[in-house]
Amino acid sequence: MSSTNSPTRTRSRHRKKSKEALHIRVEKHVEVHSDPDVAPFTVSSGNSRQSRASSSTSKCLITLFLVFHVVYMAYLGIAWWNDHEMHELGECAQPGELVPRRHYELWEKVNRGLSSEKFKMKAITLLGDAVRIPTETYDNMGEVGEDPQWDKFIPFHAYLKVAFPHSSLKLTKVNKFGLLYEWRGTQPDLRPILLAAHQDVVPVENSTRSSWVHEPFSGYYDGVRIWGRGSSDDKSGLVGSLAAVETLLQSGFQPERGVVLAFGFDEEASGFHGAGTLAGAIKDIYGEKGIAMIVDEGAGFYNQFGSVIALPGIAEKGLYNIRVEVRTPGGHSSVPPDHTSIGILADILSHLEKNPFPAPLTRNQPLFQSLQCVSRHAKAVSPSLRHTIRWSLYSNLLLKLVERKLFKSSLFKSLVGTTQAIDMVHGGVKSNALPEDAWAIVNHRVSVTSSLGEVQRRYVELLKPLAKRHNLTFTAFDKVILGEHGAESPRQLVVKNATLHGLEPAPVTPTGKDSGAYQLLAGTIKATYRSHRGLNSSDEMVIAPGMMPGNTDTRYYWDLTDNIFRYNHYHNLIPAARGVHTVNEHIEADVFVEMIRFFVTIILNADEATNL
């Protein structure tokens, strides 16, 4: 019965080899960019000459492979074909272009004005003047009203008051510097839309000033681009939405559905003082889920696979900073133990890095949805790649194949799974004194399919054996894991929150056919793209829901609506190319005007919507 030549073992071995051979053959036709400056799910077919040479062979192999999977659905763990959600995900139905109907003449009139050189120069001046007022924020600023560093927003507010009188809007200042504009609609039973942005910018390092093409707060216009810190992140969003409202006011427009503008002032330093207080003020006025939809900063659109792909963010990863601390007895360095607290901490940190969080690509990941949309609708996706991605909806084996190839890009892998980065470390006070305390801060961006609790459980699982090995008591997140409760020990491992609390992953915004907010946003993106370029149609544009790698002010707005989108309507996906958070930040003037056009269009479309 145990013979290695038994018929059962032979068939099993042949079946395994057959599966592996098919797996390898399909794998040859899928290649992924690992360059972090390429879009996170940018995938390309293999060597073009080789592909042409073996075109007919590869088609046969792919066909045989797919037939193999259909026949062995149950064996391979394939999802049921009649799953409605799976079918809708694979179809990725594209919303049609949405232009205002009732307000069509107004929209056309405003669009003509936005296309003029006069308006373009006005927009350049508005943004350039805003950039010229530094509004940097730092991580360790004191309370508002106590720390004078906050007073830098006083001249910025004075500028906005002159540039955008907004006589029809009610302005409330929340926590002194948060700006809440309300453009009340004539139909108070209609939930308003909310356009968000932030006033603050990341600091400019003095050592980098010589690397700037133009002074970082110059607001310089070179005939094509507006330069300076905040020109892209995020004064363009703030000034753009204000300019859209001002333009509509000057055209005599009065909305039926209200419009709310919420501008925090410390988004770059976690948003606690700004959006964190604005959220409560908005909830007090409109109630829980009292906002129809929110549009805040996020990704834009870019050219790939012969199409223009827009990536409105429908989710954000969570955020968790964890402090790992080792405490051991001190003493003179001339009589050291086998491992000092720093040595033990180094062992722990090395162990963490050797055991990263599992990061499987799953079908409930927003980026898997992005892949399906691109493979379904982008024009120049190779047939083999298109079929591999589409069939990964049903085949677990193909899903693993897609994961393997995509995860060659560290950027894509980091967007899918929970990441960990050891960002701070401290230990010791003198070269001849044994360190009594050593600690490190580990930053985690928590996967949208995970939770803070899962991160905590993994720490306990990974570090408990090390605590035993180093003879340490172990307390994790206020729970005693090893040692007696309440007993003090000179040798301790303590794992706890590095900040007051972490941030759970954001709820995922609905994107189905029944989601009026998503349909409105997607249709507005297409209409703006077409009208700005004077095209006959927007068929070349694909809307593919995506996600943000970082966090925005929307982290505080979850109670206000189920429909939160992180999207800036600009043509450039890679932030580094625009100098965001680094030197030479800029935005093209034409891109900025198109952003204003987008805000005008979404306000008018939302005003006509009946399903928000």
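Residues numbered from 1 in each chain as written. Predicted model: local features only at pLDDT ≥ 70, side-chain atom pairs only at ≥ 80, totals over all residues. Heavy atoms only, no water.

**Quick word on the overall build of the protein**
Assigned secondary structure in the protein consists of 18 helices and 20 strands. Taken across its 612 residues, the protein has 53% of its residues classed as buried. When contacts within the protein are restricted to residue pairs at least 6 apart in sequence, long-range pairs at least 24 apart make up 79% of them. Accessible surface computed for the protein: about 27,600 Å², of which carbon and sulfur atoms make up 51%. (Helix = DSSP H or I, 4+ residues; strand = E, 2+ residues; numbered from the N terminus. Buried < 20%, exposed > 50% of the residue type's maximum accessible area, 1.4 Å probe, protein only. Contact = heavy atoms within 4.5 Å. Areas by Shrake-Rupley, 256 points an atom, 1.4 Å probe, with all protein chains shown as cover.)

**Topic: the UniProt feature "active site" (unreviewed entry) in the protein**
Per the UniProt record, the feature "active site" (unreviewed entry) sits at D200 and E267. Over a stretch of 68 residues, the named residues converge on one spot in the fold, their C-alpha atoms separated by at most 6.8 Å. With respect to the helices and strands, D200 occurs in the loop between strand 5 (193–198) and strand 6 (225–227). With near-sequence residues (within four places) excluded, D200 lies in contact with T135, T137, F153, D233, G264, F265, D266, E267, E268 and A269. Among the polar contacts listed, one links the side chain of D200 to the backbone nitrogen of D266, at a separation of 3.5 Å. Here E267 falls in the buried class, since its relative accessible area comes to 8%. Once residues lying within four places of it in the same chain are set aside, the contact partners of E267 are H198, D200, E297, N551, T552 and D553. (UniProt positions renumbered as here; feature names shortened; annotations may be inferred. Polar contact = N/O pair within 3.5 Å; in protein donor to acceptor, adjacent residues only side chain to side chain.)

**Regarding the side chain of R458**
Along the chain, R458 turns up in helix 16 (residues 452–469). Among buried charged residues, R458 stands out as having no salt bridge; its nearest opposite-charge side chain is E461, 4.0 Å away. Excluding its chain neighbours within four sequence positions, the residues that come into contact with R458 are N355, P356, F357 and P358. (Lys, Arg positive; Asp, Glu negative; His and termini not counted. Salt bridge = Lys/Arg side-chain N within 4 Å of Asp/Glu carboxyl O.)

**Points about helix 8 (residues 153–163)**
Along helix 8, the positions that sit buried rather than exposed are F153, F156, H157, Y159 and L160. The buried side chains of helix 8 occupy one side of the element, clustering within an arc of 160 degrees when seen end-on. Away from its buried face by more than 90 degrees, helix 8 exposes K161 and V162. At its buried positions, helix 8 is contacted by helix 7 (117–131), strand 3 (170–174), strand 4 (178–183) and helix 9 (235–250). (Arc of directions from axis to C-beta.)

**Structural notes on the pattern of salt bridges**
Applying the stated rule across the entire model yields 15 salt bridges. Two residues, E256 and R102, come together in a salt bridge whose shortest N-O distance is 3.5 Å. With a gap of 154 residues between them, E256 in the loop between helix 9 and strand 7 (259–264) and R102 in the loop between helix 5 (84–91) and helix 6 (104–114) connect regions that are remote in the sequence. Take R102: its relative accessible area is 48%, and that puts it in the partly exposed class. One continuous salt-bridge network, built from bridges that share partners, spans R323, E325, R327 and D437.

**Considering the packing of helix 12 (residues 366–377) against helix 13 (residues 383–391)**
Helix 13 packs onto helix 12 with a crossing angle of 140 degrees between their chain directions and a minimal axis gap of 9 Å. On the basis of their axis angle, the class for helix 12 and helix 13 is oblique. Between helix 12 and helix 13 lies a crossing of left-handed hand. Contacts from L371, Q372, V374, S375, R376 and H377 of helix 12 reach helix 13 at R386, I389 and R390. (Axes fitted to C-alpha atoms, helices over the stretch in contact; angles between N-to-C directions. Parallel < 35°, antiparallel > 145°, perpendicular 65-115°, else oblique. Left-handed = near helix turned anticlockwise from the far one by under 90°.)

**Looking at the pairing of strand 11 (residues 318–327)**
Among the 10 residues of strand 11, nine are classified as buried, and the element is accordingly described as predominantly covered. Strand direction decides the pairing type here: strand 11 and strand 13 (residues 437–446), joined by 10 bridges, are antiparallel. In the strand pairing of strand 13, R323 is matched with I441. In the sheet, strand 11 pairs with strand 16 (residues 492–497) via six bridges, with the strands oriented antiparallel. (Pairing = 2+ DSSP bridges.)

**Quick look at the sheet that holds strand 11**
With mixed pairing, six strands are arranged side by side in an open sheet as 12-13-11-16-14-15. The sheet is open, and its two edges are formed by strand 12 (419–427) and strand 15 (479–482), each paired on a single side. In this sheet, neighbouring strand axes are inclined to one another by 20 degrees on average, regardless of whether the strands run parallel or antiparallel. Here helix 11 (residues 341–354) sits on the sheet and contacts strand 11, strand 12, strand 13 and strand 16; the angle it forms with strand 13, its principal contact strand, is near 15 degrees. The strands touched by helix 16 within the sheet are strand 11, strand 13, strand 14 (473–476), strand 15 and strand 16, with strand 11 carrying the most contacts at an inclination of about 20 degrees.

**A closer look at the packing of helix 11 against helix 16**
The contact between helix 11 and helix 16 brings their axes to 11 Å, and the two run at 145 degrees. When you trace helix 11 past helix 16, the crossing you get is right-handed. Counted together, D347, I348, H351 and L352 of helix 11 and Y459, L462, L463, L466 and R469 of helix 16 form the full contact between these two elements. Tallied by class, the residues present in the contact of helix 11 with helix 16 amount to six nonpolar, one polar and two charged. (Nonpolar A, V, L, I, M, F, W, Y, C, P; charged D, E, K, R; others polar.)

**Topic: the environment of N497**
Structurally, N497 can be placed in strand 16. Looking at N497, the relative accessible area reads 29%, which means it is partly exposed. Along the sequence, N497 and I322 sit 175 residues apart, while their C-alpha atoms lie 4.8 Å from each other. When neighbours within four sequence positions are excluded, N497 is seen to be in contact with Y320, N321, R323, Q456 and F477. In this structure the side chain of N497 is engaged in a polar contact, spanning 2.5 Å, whose partner is the side chain of Y320.

**Here we look at helix 6**
Taken together, the buried positions of helix 6 are L106, W107, V110, N111 and L114. The arc enclosing the buried residues of helix 6, seen along the axis, measures out at 130 degrees, which places them on a common side. Opposite its buried face, helix 6 presents the exposed residues E105 and R112, each directed more than 90 degrees away. Considering only its buried residues, helix 6 is in contact with helix 7, helix 9, helix 17 (516–533) and helix 18 (589–608).

**Considerations on the side chain of R257**
Here R257 is to be found in the loop between helix 9 and strand 7. Among buried Asp, Glu, Lys and Arg side chains, R257 stands out as unpaired, with D607 the closest opposite charge at 5.9 Å. For R257, the side chain forms a polar contact with the main-chain oxygen of R191, separated by 2.7 Å. Here the side chain of R257 touches A609 through a polar contact of 3.0 Å, landing on its backbone oxygen. Residues in contact with R257, not counting those within four places in the same chain, are G185, L190, R191, P192, I193, A292, A606, D607, A609 and L612.

**Some thoughts on the state of the cysteines**
Scanning the model with the defined rule gives one disulfide in all. The disulfide partner of C92 is C373, and the gap between their sulfur atoms is 1.9 Å. Classification of the bridge connecting C92 and C373 rests on its S-S torsion, roughly 90 degrees, and on that basis the disulfide is right-handed. Residue C92 is found in the loop between helix 5 and helix 6, and its partner C373 is found in helix 12; the two are separated by 281 residues along the sequence. Among the residues examined, C92 registers a relative accessible area of 8% and is labelled buried. Looking at C373, the relative accessible area reads 0%, which means it is buried. (Disulfide = S-S within 2.5 Å.)

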